[in-house]
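Overview (structure and organization)
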Amino acid sequence: MKSAVDAALDHVRALAAASDQQVPPAAMERVRRTGTVTVNFHPDRPARDGRTAAQALADDGVYRSQFETGISAGGLDAVMSGARSRWESTMFGGAYDRAPLGDRPRYGGLDLVGYDTGACPRFGSCHLRLRTSLREHTTYTFGDSATEPEAAGTWDALEPVIAAALHDGMPEVRGTQEHTGRLDRYIEAQIHRAVLVATDVAALVADPSFRETGVGNDLERLSARHGVPIVWHHGYVLDPDTLDPQFRTELSPVLAQDVHDRLARPGQRLDAELVGRAVQDVLRSPRDWAAYGEEVQVLQELKYLWHHLVELGAPPPDLTAAATGPVDQRTRS
């Protein structure tokens with residue numbers, strides 16, 4: 001009898017094989033040469049056991065799915081009345097319908113151009129760059145699984161996904177980086193096996209706003225304990241009074257200014273660390289933020305503040321020159 005993982009991979013491989021999409025050989029060669037799976041995450045978000053993502057990764061050395069941790073920078077299954085479970089059932093032919101929670105896939109993205117901030121920055125300020133050996137244990141879709149995308153494939157049957165990306169004009173397929181518009185356009189990766197930091201992660205790439213903080217110390221501990229290099233990317237910052245009310249919701253500029261007034265350290269602009277501390281404050285004292293709605297709504301609005309940073313933020317001038325990029329993709333296996 002097939003395992004849930006084998007059944008899921010075979011189901012997606014069969015879907016890809018039924019497609020007649022063609023991709024120029026040069027484009028496929030580029031993808032196979034440069035494609036790296038990355039897993040974005042917010043290191044300071046607390047899971048149901050009370051530990052932050054950075055603490056849990058440092059302690060356990062395992063990257064877990066939302067079904068195990070109870071947190072997500074995307075759509076949380078429990079909040080969405082089981083929507084992700086239904087998407088996964090459709091995507092993977094019911095392979096995980098009765099599987100243990102720990103067997104369900106982990107979500108990331110396929111980075112084709114070596115982005116400092118990973119393939120899917122909307123899902124977190126930091127990311128793990130996985131070794132190329134995990135690509136064959138992963139399925140891929142063009143677009144987020146929440147949209148129930150039609151183009152799906154495996155590493156050995158990736159043509160439908162790349163064809164859809166080319167048709168959409170995704171510049172990364174041709175080797176060009178995109179500096180805006182990355183929130184909603186990416187190749188999602190669903191990883192169908194455990195992700196062990198010590199053996200499966202080539203680099204931990206972190207947001208510089210966490211340097212010299214408790215979260216940053218946990219990231220450094222993660223790096224040292226599991227022998228994974230840590231790289232600090234360029235970061236995102238915005239002045240709280242410059243948010244566009246037409247982007248996401250009209251509440252975003254008001255909330256950004258309030259978060260900054262209440263929680264910012266001297267000289268701090270809106271950045272990943274500040275948004276994360278606001279999330280933690282809402283979880284501790286939701287009544288203090290009741291002017292913005294119920295707890296779930298306020299957390300959603302804070303998620304939108306992170307989207308502002310990804311789409312409209314810029315590297316802080318004093319950190320840009322010091323930032324270092326991810327490890328050379330050619331050195332990993």
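Figured I'd write up the structure that's included with this text. Given the structure is predicted, the values throughout are model-derived calculations rather than measurements.

Next up on the list: empty space enclosed by the protein. Within this structure, the stated rule accounts for 1 cavity of 30 Å³ or more. Within this model, the largest cavity holds a volume of roughly 60 Å³. For the largest cavity, the full set of lining residues is Leu110, Asp111, Leu112, Tyr115, Ala119, Met170, Glu172, Arg182, Arg185 and Tyr186. Taken together, the residues that form the lining of the largest cavity break down as 6 nonpolar, no polar and 4 charged.

Right, let's talk about helix H11 (residues 295-312) for a bit. For H11, which comprises 18 residues, the first-to-last C-alpha distance of 26 Å matches the rise-based estimate of 26 Å (1.5 Å per residue) to within 8%. Among all positions in H11, only Val298, Glu301, Leu302, Leu305, Trp306, His307, His308, Leu309, Val310 and Glu311 are buried. On the buried face of H11, the contacting elements are helix H9 (251-263) and helix H10 (272-284).

With that settled, the discussion passes to the environment of Ala56. Along the chain, the position of Ala56 falls in helix H3 (residues 53-60). It is 20 Å that separates the C-alpha atoms of Ala56 and Pro208, two residues lying 152 residues apart in sequence. Once residues lying within four places of it in the same chain are set aside, the contact partners of Ala56 are Arg51 and Gly61.

This part is about the pattern of salt bridges. What the rule picks out here adds up to 24 salt bridges. Put simply, Arg64 and Asp60 hold a salt bridge, and the shortest N to O gap is 3.0 Å. Overall, Asp60 belongs to the partly exposed group, its relative accessible area being 31%. A salt bridge links Arg284 to Asp281, with the nearest nitrogen and oxygen atoms 3.3 Å apart. Residue Arg284 and its partner Asp281 are both found in helix H10; the two are separated by 3 residues, about one turn of the helix. Residue Arg284 is classed as exposed on the basis of its relative accessible area, which comes to 57%. Here the salt bridges share partners, and the residues they tie into one network are Asp49, Arg51, Asp59, Asp60, Arg64, Asp218 and Arg221.

All right, on to the side chain of Ser65 then. Within the secondary structure, Ser65 sits in the loop between strand E2 (62-63) and helix H4 (66-69). Residue classification places Ser65 among the buried positions, given a relative accessible area of 5%. In contact with Ser65, other than residues within four places in its own chain, are Leu101, Arg104, Pro105 and Arg106.

Our next topic: the pairing of strand E7 (residues 187-191). Along any regular strand the residues' side chains alternate between the sheet's two faces. Most of E7 sits out of view: 5 of its 5 residues are buried. The two faces of E7 match: Ile187, Ala189 and Ile191 on one face and Glu188 and Gln190 on the other face are all buried. The pairing of strand E3 (residues 106-111) with E7 spans 4 bridges and is classified as antiparallel. For Gly109, the partnering residue across the bridge sits in E7 and is Glu188. Bridge analysis of strand E5 (residues 138-142) against E7 gives 5 bridges, and the strand direction is antiparallel. Among the inter-strand pairings, Thr141 is bridged to a residue of E7, identified as Glu188.

Moving on, we get to unusual backbone geometry. With a phi angle near 50 degrees, Glu148 is a residue other than glycine that sits in the positive phi range. As for its placement among the helices and strands, Glu148 is situated in the loop between E5 and strand E6 (152-154). Residue Glu212 is not a glycine yet carries a positive backbone phi of 60 degrees. Assignment of secondary structure puts Glu212 in the loop between strand E9 (201-206) and helix H8 (214-226). Take Glu212: its relative accessible area is 81%, and that puts it in the exposed class.

Thresholds, definitions, all that
- Along each chain, numbering runs from 1 in the same order as the chain's sequence is written.
- Local features in this predicted model are restricted to residues of pLDDT 70 or higher, and side-chain atom pairs are both shown and tallied only at a pLDDT of 80 or more, whereas totals for entire chains, interfaces and linings draw on every residue.
- Where side-chain values are given, they derive from all heavy atoms of the structure, hydrogens and water being excluded.
- Only protein atoms enter the 1 Å grid used here. Points where a 1.4 Å probe fits but cannot escape make up a cavity, open sets with protein on both sides within 12 Å along at least five of seven lines make up a pocket, and a residue lines them when an atom lies within 4 Å of a point.
- Grid points are joined across faces, edges and corners, and a volume is the space filled by probe spheres set on the points.
- Each residue is assigned to one class: nonpolar for Ala, Val, Leu, Ile, Met, Phe, Trp, Tyr, Cys and Pro, charged for Asp, Glu, Lys and Arg, and polar for all the others, Gly among them.
- Each helix is a run of DSSP H or I of at least 4 residues and each strand a run of E of at least 2, with the numbering of both proceeding from the N terminus.
- Residue count minus one, scaled by 1.5 Å, sets the expected span of a helix.
- Relative accessible area decides the class of each residue, using a 1.4 Å probe on protein chains only: under 20% of the type maximum gives buried, over 50% gives exposed, and in between gives partly exposed.
- We call two residues in contact whenever any of their non-hydrogen atoms come within 4.5 Å of each other.
- Note on definitions: salt bridges are taken to be side-chain nitrogens of Lys or Arg within 4 Å of carboxyl oxygens of Asp or Glu.
- For two strands to pair, DSSP has to find at least two bridges joining them.

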